[in-house]
Structures are given as structure tokens and as C-alpha cells.
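Residue strings, one per chain:
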Amino acid sequence: MTRLSPRNALRRAAGLLAAAGLLAVVPLAGAAAPARADEPPVFTLGGPAETGLQPYRAGGGPKPSGLGITVTAPSGEEGTGFAGRFTLTFDLSGVAGVADVAFDGAASGAETSDGGASGGGVPGVGASVGGMSDGAASGGGTAPDCEVTGAKAVCVGTGVRPGTHPVAALVVTAAAGGERGDSGTITVTGEAEGAAFTPFTARVTVGGPDLVMEELPFRTELVPGDRQQAPITFANRGAGDAEGVLLTLRYTRGLDIPQRYSNCRYSEDDPGPSGVGRTTALCTVEGAFEAGEAYTLAAPLTIEATERAYRDTFLYRIEEAGPARPAPAAFERGDGAVLRAVPVTGPQNRSAGRAADPTPHDNQREADFRTENTADFAAYGDRVSGARGATVTADVGFRNVGPAWIGHLRSGEDVAVVDFTVPRGASVVAKPDRCRAVTAAGEYREDQRSPAPRYLCPTSPAVHDGEGLDLPFALRIEEVLVGAEGEVTVRAPSARNPALPFDPAPANNTARLVLNAGDDGDGGPSTPPTSDPGPDASPSGAPATSAPGGGAAGTPGGSDSGTGSGHGGGLASTGSDALTVAGAAAVALTAGLALVAAARRRTGRHS
């Protein structure tokens, strides 16, 4: 019996995410089914459908292949994850006599492809997939503790985050005495109290192909409009031919590949508020790709830095197509020419005769691009009015007027934060969920329920061009002070270094929230600016990139509490529009405010 420590699993399993066949892009076992509120969550186990093994060499020992198992949990509005304990069971009887299977440290005797001891892991496998590093080894919870007994392995872990994450790392080697063509399956099942798992079966074959992607020498410092060719080249360094290949291309929002091939299917991943908005292309290329040969595209791709490029990533991956590689239903087929691959001839064919490397990390390459570009983040405020004791809704936030989108793909850090100072004479009774209360000096505040003088509202790691944050705050008028002002500032997450390095127009990073403005109209309110309103167009709202829920920050008190409203238009730097002041009739206007707020949210979503 062999035990796998949680610490080693955490270190190794993240590195084997690449072995899962880019599951962060397209989980081969399918997406996890969303669960209704009255049903337990359903998690989908996955991994590479096929894993090739280097044949056992008499006197030389085996060379290991990595097999990473993942778990996919519903994400978005349907996904909340799972905090309980779960058990995974691996049925290894299907590979008896074909392959030996170990979990991390159990494979210490296996020889690596470079002749050294493997230490139970697969060296050189990177943890970055799809332009983002994951680092988790068990779906975001505690790394599983695995025990192997005969033809069965049991792993126990805790916690599953929404999305696709590595959950177990297997090291598979060809069994002594096996022959080329030997094949078998490993079946993984899961169970947990209060959750269900969809099983997964992986096939391993002795003498299969090993596809390796060559790295391209891209120019990585660009300006908008730059184009360059991408003559994607790959080799088969395995012991068997590949019958068809699957080429995966994944590029972020600021890049484009103008060609749309008829044997490729395309999808824009994560287009929502917190998503990066990457385009994924799955291209099935037919043909027999022989062991020891190298291949390149018949015509190179074109990579273009668009007008919204800033910091972007391009991923390109090759793997055997296999008999069951249908693209998900959300992918649409291209209508252009057929993408083909042809043999590399002459001295360029450097791969012929090279030693096989069955580890899958070299199936994939990534390139990071830096484009000289800017993004103008423009804050907007509001004007609201009400009698003493009334509750009013103030809409504040910012827009990325462009032209660039901004994303922190590698670090995952928030792009910016909206810093909101509450006007004198008012208190916050409800706030967006993403906002946290701080002291007047911007310091940590333990009490998050009672009204605070200031709030910090972070963005996600990606802010698209034309989008931003819409942040409705419910304010109670404690004292009527004519023209009382609060401040709305969009800045960098660090208060010590608040400048946004990509923003060429910092003057519009700050706007005002005015309560009970005087008749002179000073302190003009702001509405969300558009990215290109035109010289004669009036400013209008743009669609929100977040759907902030109302989190209680306190409760209105007093028998005289009522509601008031009044919102204006125009950028903070363009002056004021006419202000409509509602009365303070408490009972009648309470219902009216709820209807107006609901209508405003619907309008924002469809504008």
C-alpha cells in the first residue's frame, strides 16, 4: 500500500494540469451539469481521453507518462462549489499487465525521459493552462490523500471550487513484458454526502504517438494593427502514428486570427463581467502523422493586435484527435478554407530520430504580447434628493472608455478599485456585495454591517473596453445639507500608488455624488459614459459588467423614513443637467422606488 501526502499532491498535481488535454478550455468529459436549488451539485470528473506510453525497454526501465485527473464544478450563477469531503475511487484492473500506475511519490523508481529518477512525479510539466496559472491540486480545497491497494486506489479530499481544477496526478508506465499496441482503461468514480460525481474513463496504450508543439519566435512588443505570421509546427516523437490531430488555438480579447477555417469550431469563452473573453478555436486536421516526422501548416496563421490590445496571450496546442473529440455545442464552425498540415522537409525536420518524450507538457506553447496602448477609465457620480429620513438610491461607478481592454491574466489581481466617500448628512443602508466598508482614512474596518464613511469596490482581473462597474448604493438622509458632496474615484488597488498606468486622462477618474443640490445646479451628476458617444450625441448608459447584489450595510430606522430620488446625466467633467426632485411622501414612494430601481437595472442590461 502506498500513501500520497497532501503536500506532494499539491505540488505535483498542479503541474499535471497540462496532461488533462487543456481541460481548462474544453473538458473532454463534458461540462458539469448545473443543479437546481433543491438538488445536490453534480461534479464531472475528466482528463485526457487517450494517453500513450513509451514501450518498456529491457534493461533500461520504463519512461513515465503523466495522467492528470480534473473535476469540473458548475460556475457562474449556478455554481457555489462544495465545502465537504469527497472520495475518488480508481479502478486499475483494466490496465493489469499493460501499465503500472502510481500516485506521485509512489513512482520513485521510474526513469524519466532525461535519464534521471522521477521521484514519483513528471518533471518539467508547467502549471499554466489557458493563459492562467491554477496552482490548486484538488479543485480548490485540501489536496487528496491517496492509498493504492492492488488494483484499486482511493483518494479522499475536501472542497471543490467552481470551474475546472486538477484533483489527482497519476504516473503511468508500460508494464514489463508488454507489447506495442497493448491497451487498457482506468475508471474514476466519486462520491460525497450532498454531491454527485459523473465518472470518467481514461485509456492508455503502449506505443502510441507523442505530439510535441514547437515554439514560435513571435515579436511580443506590438502596436495596434501589427500583424505577424504563425507557421505552427509540431512533431510526433512517439512510438506510433497519430490518426488525425486536434489543434487548439486560444487567444485573449486584444488579439485576432482573421481566418475562419471550415474544419475549426470557434467559441468566445467567459464573455461575461468577470471573464477574460478569450476566443477558442478547435481545429480537427485529418491525416496520418507518422512517428519521427515533423509537420507544419500548409499556410501560416495570421496573428493581429487589434485596437483594443494591451496585455494578451496566445496559446497553441496539439494532440491526437481520437475517435471521440466532438466540439461542444456552443462552438460554431468556420466558413473558410480547410486548415491542413504538411510534412516539414529538408534540414528543418529536426525531430526525426530524437528520443521519445511521453510527457504531455510539450504539447502546448504560450506567447505573451505587450501592445503599446491606453484605456481611459472615467468615473461617474450622481445627484439625488430627499427629505430627512428618506432612503434614496445613488448610482455611481466607472466606464472603460477604451480603446484597450485591461486584464491581469498571470497575477489574477484586480485591475482597479472604485473608492466611494459617503456625503455628509447621509448613511449607507445597502451596498453592492463586492464593496467593503473601510474607515474614513481607507483603513480596515471589522464591522461590515453598520454604515461606514467610505467604501472600496474592486473590479475583477479583467475590464473590457466599453464596460466597467455600476454600483447602486442605498442612502438614508439623516440631515438635509444643501449640496453635500461625496466622491467617487476609480484608481489602482494600492492607495499608496493610486495612478492607473494605462490611463492617459486621469482628470476624469474622479466624479461627485451630490445630495440635495441647490437651484444653481452646481456639482453636476454623472451617468455612465459611452466609449464613443459621437460629437453630437448625448451621453447614455452602457451595459454593466457586474451584477452587484444588495448586501445589507445597516437598516433604516425611525418612523419618518421614506424615499426620495433624482438622477442626472453627463460626465463629471461636463457640467450638470436638470435635476428632478421627488417629494418625501413615505408610503407612496417606497413602492415607486423599488419599481424605478428594477426598471433602471433592466434598462442597463439592454442598453
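Computed from a predicted model, the values in this text were never measured in an experiment.

Basis of the calculations
Residues numbered from 1 in each chain as written. Predicted model: local features only at pLDDT ≥ 70, side-chain atom pairs only at ≥ 80, totals over all residues. Heavy atoms only, no water. Phe/Tyr/Trp six-rings, centres within 6.5 Å; stacked < 30°, edge-to-face > 60°. Helix = DSSP H or I, 4+ residues; strand = E, 2+ residues; numbered from the N terminus. Lys NZ or Arg CZ within 6 Å of the ring centre and 35° of its normal. Salt bridge = Lys/Arg side-chain N within 4 Å of Asp/Glu carboxyl O. Buried < 20%, exposed > 50% of the residue type's maximum accessible area, 1.4 Å probe, protein only. Core = buried A, V, L, I, M, F, W, Y, C linked by side-chain atoms within 4.5 Å.

Side note on the packing of aromatic side chains
Then, number 1: Taken as a whole and judged by the stated rule, the model has 16 aromatic pairs.
Then, number 2: Their ring planes at 85° and their centres at 6.2 Å tell us that Phe218 and Tyr316 sit as a pair that is edge-to-face. Of the two residues, Phe218 sits in the loop between strand 15 (211-213) and strand 16 (221-222) while Tyr316 sits in strand 25 (residues 311-320), which places them 98 residues apart along the sequence.
Then, number 3: Each residue in the set Phe43, Phe82, Phe86 and Phe197 is aromatic and connected to the rest through ring pairs, giving one cluster.
Then, number 4: Over the ring of Tyr266 we find Arg260, and its NZ or CZ is 4.6 Å from the ring centre.
Then, number 5: In this structure, Arg311 is placed above the aromatic ring of Tyr310, and the distance from its NZ or CZ to the ring centre is 4.1 Å.

What about the pattern of salt bridges?
Then, number 1: All told, the structure shown has 15 salt bridges when counted by the stated rule.
Then, number 2: Notably, a salt bridge pairs Arg399 with Asp470, separated by 2.9 Å at the nearest N-O pair. Taken as a pair, Arg399 in strand 31 (residues 390-403) and Asp470 in strand 38 (residues 468-477) lie far apart in primary sequence, 71 residues in all. A single burial state applies to Arg399 and to Asp470, both of which are buried.
Then, number 3: Members of the salt-bridge network, linked through shared partners, are Arg253, Arg308 and Asp465.

Some remarks on the nonpolar core
Then, number 1: Counting 39 residues, the largest nonpolar core has Phe377, Tyr455, Leu471, Phe473, Leu475 and Phe502 as its most contacted members.
Then, number 2: Of all the elements in the fold, those that place two or more residues in this core are strand 29 (375-380), strand 31, strand 33 (417-421), strand 34 (426-432), strand 36 (454-458), strand 38, strand 39 (484-491) and strand 40 (510-515).
Then, number 3: It is strand 38 that provides the largest number of residues to this core, a total of 5 residues.
Then, number 4: Listed in part, the 36 residues of the second largest apolar core include Phe43, Leu170, Ala174 and Val188.

So yeah, pure geometry; function would need other evidence.
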